[in-house]
Amino acid sequence: MCGRIAVIASPEETAAFIGVGDLESFPPRYNVAPTQPILVVTAGPPRPPGSNLPDRGALLARWGLIPAWARNPSDLPLLFNARSESAIDKAAFRNAMRHRRALVPVSGFYEWKKLPGNRRQPYWLRPRRGGLVALAGLMETWSEPGGSEIDTAAILTTDASADIAHIHDRMPVVIQPEDFARWLDCRTREPRDVAELMRPAQPDFFEQIPVSELVNKVTNMGPEIQDRVEPLPEAAPGKVKAAKPKAEKSDDDQMKLF
């Protein structure tokens, strides 16, 4: 799953990485959650021969895809992720898989590891080499009854790589720079032509940093949420209670663990 991301690179770094023209200035965003705007990159119109202008564009979209055919988004679940293995078969994602594949440039994402005792340890996962990474996305434009349009997006997920599976069994699909144009090309490439790109990242691609529970609240938006902490112990915390003293000593006179 991918339910929280961060974009802390500068607009200039982001534009250079993703291959678009100048981006409007934006501040670092350390804790981006579904329903908030995210930067989405899509293929642009064909350029004339000899043009050196970028053939892709960037826009802000609501994180949480709304299918074009939806009458009332409140009747649908929040579609911020799409399983890459079945997206082409789902009515909510089929058209976007065919016609509106996108890239979502991020500095990394957060994931929560379930622990005994109903506890969860958050992790900040970022590329070991540093910089940005492009996640595979889908985009859809939904028209409100009043006529206004909303650009919306979802992030595709796949099985987790072997090194991340201990945290969660799913991870976002990563598209490498050499595959950007191929992934975005919805004019000549069908979903089957890019299916092999929707695979787990190479092991050790992401650095796994345990962080505090500050990231759990979307109102916490400062860089301190990415500070490394000691991870919670794997074992559930227990409570120790002394047994009541007995008149005579027996084998039952011992501490009882609850």
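A brief structural summary. (Residues numbered from 1 in each chain as written. Predicted model: local features only at pLDDT ≥ 70, side-chain atom pairs only at ≥ 80, totals over all residues. Heavy atoms only, no water.)

### Points about the sheet that holds strand E1 (residues 5-7)
At step 1: Strand order in this open sheet of 5 strands is E2-E1-E7-E8-E13, and the pairing throughout is antiparallel. Both edges of this open sheet fall to strand E2 (29-32) and strand E13 (206-210), since each of them pairs with a single strand only. Pairs of neighbouring strands in the sheet enclose a mean axial angle of 30°, with direction left out of account.
At step 2: Here E1 runs beside E2; their pairing, made up of 2 bridges, is antiparallel. (Pairing = 2+ DSSP bridges. Helix = DSSP H or I, 4+ residues; strand = E, 2+ residues; numbered from the N terminus. Axes fitted to C-alpha atoms, helices over the stretch in contact; angles between N-to-C directions.)

### Overview of the packing of aromatic side chains
At step 1: Tallied over the entire structure, the rule returns 5 aromatic pairs.
At step 2: With centroids separated by 5.6 Å and ring planes inclined at 80°, the aromatic side chains of Phe17 and Phe180 adopt a geometry described as edge-to-face. Within this pair, whereas Phe17 is found in helix H1 (residues 11-18), its partner Phe180 is found in helix H3 (residues 180-184), the two being separated by 163 residues in sequence.
At step 3: Consider the rings of Trp63 and Phe80, whose centres lie 6.1 Å apart with planes at 90°: the pair is edge-to-face. Of this pair, Trp63 sits in strand E4 (residues 56-63) while Phe80 sits in the loop between E4 and strand E5 (81-83); the two residues are 17 residues apart in sequence, bridging distant segments of the chain.
At step 4: The class for Trp63 is buried, based on a relative accessible area of 0%.
At step 5: Under the relative-accessibility criterion, Phe80 is labelled buried at 18%.
At step 6: Aromatic ring contacts, followed pair by pair, group Phe109, Phe205 and Phe206 into a single cluster.
At step 7: Over the ring of Trp183 we find Arg101, and its NZ or CZ is 5.5 Å from the ring centre. (Phe/Tyr/Trp six-rings, centres within 6.5 Å; stacked < 30°, edge-to-face > 60°. Buried < 20%, exposed > 50% of the residue type's maximum accessible area, 1.4 Å probe, protein only. Lys NZ or Arg CZ within 6 Å of the ring centre and 35° of its normal.)

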